[in-house]
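Below, each chain spelled out in residue letters.
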Amino acid sequence: MSAMAQVEKDSLVVGASAAAASAKRGLFVVLEGIDGSGKSSAAKGIFEALAREMPGRVVLTSEPTDTWLGDCVRRANKEGLSGTTEALLFVADRAEHSLRIAQWLGEGKVVICDRYFASTVAYQGAALKTSMGEKNAIEWLKMVNEPIIVPPDLTLLFTIRAEMAMERVRQRSGVSKFENLDYLRDVDLVYRSLCMDDPNYITIDASRPLAQVIQIALAAIRAKL
Ligand code: TMP
């Protein structure tokens, strides 16, 4: 790659947010919530319903991504690397993902994204609070994400009591290191504080039956279309 092409690629990365803001014609919807909130099952249902209404116009995507950067995140998690390393890997994965999201939005697509930067602020904020202090951790995570994100038009926060979420997680196979009750409670608290600061958040009671949760989410999305 020539030096100029490299500079252009780098400035694209830094400018993902600005590029998206100017080129954007689609709708960017993010789904967030603790493990066991049913968010990923709802994401599929939401995608299927919208794709039937708008064939070819809806994209379902998720983080960590299915790219090699996403594999790095999963490997760091398995190998127990430090919380800061893990946070930076999530952000690196997102920096590339944001470019693809900006492109889809520029093509007029409705992008449904299962987890985005709020996941890093909530999960890594809760993980790093012991070493960095909660306020510092959250400020640092917001700062490091800020230049590489596309601001969501709507974030649907799936809320559920951590006990109920853990029960659902236990019924699935393989509990990950993020899935323990006290930790999920901390993550939930960070999510709720993010939600209070941002008018583009809508909370959905995820203890309701999945079909209802999907209908509520669809109504919120359609109101933004
Ligand atoms: P998933 O279960 O929704 O696929 O997410 C994988 C796990 O990764 C989940 O426990 C949440 C965690 N995670 C973070 O800790 N930080 C992040 O930035 C993201 C995207 C996920």
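Residues numbered from 1 in each chain as written. Predicted model: local features only at pLDDT ≥ 70, side-chain atom pairs only at ≥ 80, totals over all residues.

A. Focus on the nonpolar core. One finds Val-29, Val-111, Ile-112 and Ala-122 to be the most contacted residues of the largest nonpolar core, which totals 59 residues. Sequence-distant contacts of Ile-112, defined by excluding residues within four places in its chain, comprise Val-29, Leu-31, Ala-43, Ile-46, Phe-47, Val-58, Val-59 and Leu-60. (Core = buried A, V, L, I, M, F, W, Y, C linked by C-beta atoms within 7 Å. Buried ≥ 20, exposed ≤ 12 C-beta atoms within 10 Å, placed from the backbone. Contact = placed C-beta atoms within 7 Å.)

B. Highlighting helix 5 (residues 83–106). An ideal rise of 1.5 Å per residue puts 34 Å on 24 residues; helix 5 measures up with 34 Å between its terminal C-alpha atoms. One or two steps after helix 5, the chain reaches Gly-108, where phi turns positive at roughly 85°. (Helix = DSSP H or I, 4+ residues; strand = E, 2+ residues; numbered from the N terminus. Expected span 1.5 Å × (residues − 1).)

C. A look at the confidence of the model for the protein chain. Overall, the predicted model of the protein chain reaches an average pLDDT of 91, with 88% of residues at or above 70. Low pLDDT, under 50, characterises residues 1–13; the predicted model gives this stretch six contacts beyond four residues in sequence or across chains. (pLDDT = per-residue confidence, 0-100.)

D. Quick peek at the environment of Val-58. Residue position: Val-58 is located in strand 2 (residues 58–62). With 23 C-beta atoms counted inside 10 Å, the residue Val-58 sits in the buried group. For the pair Val-58 and Ile-112, spaced 54 residues apart in the sequence, the C-alpha separation amounts to 7.5 Å. Among all residues touching Val-58, those that are not within four sequence positions of it are Phe-47, Leu-50, Ala-51, Lys-109, Val-110 and Ile-112.

E. Fine view of the sheet that holds strand 5 (residues 201–205). On the basis of which strands lie adjacent, the open sheet formed by five strands has the order 2-3-1-4-5 and parallel pairing. One side of each edge strand has no neighbouring strand; the edge strands of this open sheet are strand 2 and strand 5. Shown here is a sheet whose adjacent strand axes are inclined to one another by a mean of 20°, direction ignored. For strand 2 and strand 3 (residues 110–114), the ladder comprises five bridges, and the chain directions are parallel. Paired with Val-59 across the two strands is Val-111, which belongs to strand 3. (Pairing = 2+ DSSP bridges. Axes fitted to C-alpha atoms, helices over the stretch in contact; angles between N-to-C directions.)

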